[in-house]
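Residue-level listing of the chains:
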Amino acid sequence: MKNAAKYTLSLKQYKAFFNLLYTPLCLFSNKYIEDLDTSKDIVQDVFIKIWEDKIEFQNENNIKSYLYTSVKNKSIDYLQTKQYRLKDRLSIQNLEKLESEDFFSREVVIIETSIIIERAINTLPNKCANIIRLSFKNLSNIEIAMELGISLNTVKTQKKIGYKRLKPLLKDYVALVAFLFGVGTH
């Protein structure tokens, strides 16, 4: 059985988590408040609190859970401020939706899945990766060809190669991706 001892993050670990999760957490916060600059401030505040308070964690998943939950809570706190309500008039129903566990879970899954997919895409050659990213943005093959200044056949060939290479990299996450797209359709 593993030792359940808690530890605080070393500077190296702290920087690694910051570099890995800063952007996804900003996007996650932005799902709540729809203001990227304020989202960045919220995420920075959460990371500063971890460092200054020397918060202890049991494992990596515990850290991620803490970060997502803290960003959610700070985002909702921001939405409840008088300053925000006067400016944007958030309805009670919308706030209740944002505070729900379903919304939180769905958004965490979306962000985490995006990280997994982006890591897999980064293993592809640049041209192929660019084509796959544009494809994920719902651009047609013709639009991708025009955007990149390449032939339609090149787009089709590169997509085929890309998906063939991504399939084994993402095979362990098929259920997660299926869940993500199942949740997104409600």
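Scroll up to find the structure this text is about.
(A) Fine view of the packing of helix α1 (residues 11-33) against helix α6 (residues 101-121). Contact geometry for α1 and α6: axes closest at 10 Å, N-to-C directions at 145°. When you trace α1 past α6, the crossing you get is right-handed. Between α1, through Leu20, Leu21, Pro24, Leu27, Phe28, Lys31 and Tyr32, and α6, the contact on the second element is made entirely by Phe103, Phe104, Glu107, Val108, Ile111, Glu112, Ile115 and Arg119. Across the contact of α1 with α6, the residue classes break down as 11 nonpolar, no polar and four charged.

(B) View of the packing of aromatic side chains. With the rule as written, the count across this model stands at eight aromatic pairs. An aromatic cluster of three or more residues is present, and its members are Tyr14, Phe18, Tyr22, Phe47 and Trp51. Geometry around Trp51 places Lys54 over its ring, the cationic atom sitting 5.1 Å from the centre.

(C) Local environment of the nonpolar core. Counting 30 residues, the largest nonpolar core has Leu25, Phe28, Tyr32, Phe47, Leu67 and Tyr68 as its most contacted members. For this core, the secondary-structure elements that each account for two or more residues are α1, α2 (36-53), α3 (60-79) and α6. If one sorts the elements of this core by residue count, α1 sits on top with nine residues. Among residues more than four places away in sequence, those in contact with Phe47 are Tyr14, Phe17, Phe18, Leu21, Tyr22, Leu25 and Leu67.

(D) Focus on the pattern of salt bridges. Per the stated rule, a full pass over the model turns up two salt bridges. Between Lys49 and Asp53 there is a salt bridge whose closest N-O contact spans 2.6 Å. Of this pair, Lys49 and Asp53 both sit in helix α2, four residues apart, roughly one helical turn. Among the ionic pairs, Glu118 bridges to Arg133, the shortest N-O distance being 2.7 Å. One end of the pair, Glu118, is in helix α6; the other, Arg133, is in helix α7 (residues 126-136), and 15 residues separate them in sequence. A relative accessible area of 24% places Arg133 in the partly exposed class.

So, how was this worked out
Residues numbered from 1 in each chain as written. Predicted model: local features only at pLDDT ≥ 70, side-chain atom pairs only at ≥ 80, totals over all residues. Heavy atoms only, no water. Axes fitted to C-alpha atoms, helices over the stretch in contact; angles between N-to-C directions. Helix = DSSP H or I, 4+ residues; strand = E, 2+ residues; numbered from the N terminus. Left-handed = near helix turned anticlockwise from the far one by under 90°. Contact = heavy atoms within 4.5 Å. Nonpolar A, V, L, I, M, F, W, Y, C, P; charged D, E, K, R; others polar. Phe/Tyr/Trp six-rings, centres within 6.5 Å; stacked < 30°, edge-to-face > 60°. Lys NZ or Arg CZ within 6 Å of the ring centre and 35° of its normal. Core = buried A, V, L, I, M, F, W, Y, C linked by side-chain atoms within 4.5 Å. Buried < 20%, exposed > 50% of the residue type's maximum accessible area, 1.4 Å probe, protein only. Salt bridge = Lys/Arg side-chain N within 4 Å of Asp/Glu carboxyl O.

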